[in-house]
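The chain contents come next:
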Amino acid sequence: MSENEPRQTRPLRGVHLLLDLRSIIAALFGIYGTVLTAMGASGASAADLRKTGGWNVNLWCGLAMLAFAASFAAWTLLRPLREPVAEPVRETPETVPAA
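These lines cover the structure that appears in this document, whether it is placed above or below. (Residues numbered from 1 in each chain as written. Predicted model: local features only at pLDDT ≥ 70, side-chain atom pairs only at ≥ 80, totals over all residues. Heavy atoms only, no water.)

A word on the overall build of the protein chain. Across its full length, the protein chain holds 4 helices and 2 strands. Tracing the protein chain from N to C terminus, the helices and strands come up as β-α-α-α-α-β. Counting across all 99 residues of the protein chain, residues that qualify as buried make up 16%. Taking contacts inside the protein chain between residues at least 6 apart in sequence as the whole, the part at least 24 apart equals 78%. (Helix = DSSP H or I, 4+ residues; strand = E, 2+ residues; numbered from the N terminus. Buried < 20%, exposed > 50% of the residue type's maximum accessible area, 1.4 Å probe, protein only. Contact = heavy atoms within 4.5 Å.)

A few words on the packing of aromatic side chains. Under the definition given, this model contains 3 aromatic pairs. With a centroid separation of 4.7 Å and an interplanar angle of 45 degrees, the aromatic rings of Phe-68 and Phe-72 are classed as tilted. Linking Phe-68 with Phe-72, this pair stays in helix H4 (residues 57–78), spanning 4 residues, or about one helical turn. Phe-68 sits in the partly exposed class, given a relative accessible area of 36%. With a relative accessible area of 16%, Phe-72 lands in the buried category. Grouped by ring-pair contacts, the aromatic residues Phe-29, Phe-68, Phe-72 and Trp-75 constitute a single cluster. Stacked on the ring of Trp-75, the Lys or Arg Arg-22 has its end atom at 4.9 Å from the ring centre. (Phe/Tyr/Trp six-rings, centres within 6.5 Å; stacked < 30°, edge-to-face > 60°. Lys NZ or Arg CZ within 6 Å of the ring centre and 35° of its normal.)

Nonpolar side chains collect at one region of the surface, where Leu-21, Ile-24, Leu-28, Ile-31, Tyr-32, Val-35 and Met-39 lie side by side and expose about 670 Å² of accessible area between them. Counting through the fold element by element, Val-35 comes out in helix H2 (residues 21–41). By relative accessible area, Val-35 is classed as partly exposed at 44%. (Patch = residues over 30% accessible without salt bridge, like charges linked within 9 Å, V, L, I, M, F, W, Y side chains within 5 Å. Areas by Shrake-Rupley, 256 points an atom, 1.4 Å probe, with all protein chains shown as cover. Salt bridge = Lys/Arg side-chain N within 4 Å of Asp/Glu carboxyl O.)

Okay, structure coming up:
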């Protein structure tokens, strides 16, 4: 195989998908986003709204984090890591020892 030909690959599954950094980031942002969204949806006090200029920071930041987590999860599933497939060694005139 020459250097210009594309390599044979296959997508990784199982544990490799769980250990992919994008999956870990998506899980962390999903957990934090869920907590913030729940805190924001349960209601903010008038003092909290006064501090933030009248908008519910926990709710909106939580929703943004959930959207970010969803985009990372989609990226992980749509473009999984690929493992190169081992190719058999072909002997060419350059690799055959001289007699």
